[in-house]
Amino acid sequence: VNFCGQMSDPIFHPNFIDMLKYCYENNVNTRIATAASHKKSSWYKKAFLANKNAQWVFGIDGLPKDSHKYRINQDGVHLFEMMKMANSLGLKVVWQCIVFRYNENDIDTAMQIAKDNEICFQLINSRRNRINYEHYKATKRIYV
């Protein structure tokens with residue numbers, strides 16, 4: 001089961017933790033993609049413990065302090081701390097980072113932070129063509 005919201009983040013479903021428990025109890029391979037930071041750390045811990053076999057993919061674009069520049073209203077610092085918590089609890093964790101103009105010069109630093117915290121780092125070069133997107137568009141493609 002891949003929990004990945006298109007119109008909303010999966011963590012906001014009112015029965016999300018129960019669904020994680022169900023997947024765990026029934027040995028269902030589970031992946032959660034999230035970029036939301038609007039839950040308290042106690043909620044995240046409860047979710048992480050509901051299914052310790054789940055993989056969590058955290059969308060934090062660039063350094064945590066700057067991620068809100070694309071992910072409007074995201075508290076990247078808080079979400080990064082939740083990612084570290086999940087990792088410390090033994091969950092499979094991925095830091096997914098989309099390259100944008102505002103973060104393209106910080107990718108090496110972000111990769112080092114991930115390495116220092118033993119977190120898998122996934123870099124995405126976006127080709128999105130959106131209205132009013134030009135100011136986000138990276139000036140170069142980055143390969144790792």
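For the structure itself, look to the data block above.
Since the model is a prediction, treat every value here as computed from it, not as a measurement.

Parameters at a glance
- Residues numbered from 1 in each chain as written.
- Predicted model: local features only at pLDDT ≥ 70, side-chain atom pairs only at ≥ 80, totals over all residues.
- Heavy atoms only, no water.
- Helix = DSSP H or I, 4+ residues; strand = E, 2+ residues; numbered from the N terminus.
- Buried < 20%, exposed > 50% of the residue type's maximum accessible area, 1.4 Å probe, protein only.
- Arc of directions from axis to C-beta.

**Student:** Outline unusual backbone geometry, supporting the account with residue identities and numerical values.
**Tutor:** Even without being a glycine, N27 presents a positive backbone phi close to 55°. Residue position: N27 is located in the loop between α1 (16–25) and β2 (31–34). Although it is not a glycine, E118 sits at a positive phi angle of roughly 55°. Within the secondary structure, E118 is located in the loop between α4 (107–116) and β5 (120–125).

**Student:** Please give an account of α1 that cites residues and values.
**Tutor:** Along α1, the residues classified as buried are F16, I17, L20 and C23. Down the axis, α1 shows its buried residues gathered within 120° of arc, on one side only. Structural note: α1 exposes Y22 and E25 on the side pointing more than 90 degrees away from its buried face. N27 occupies a position one or two residues after α1 and carries a positive phi of about 55°.

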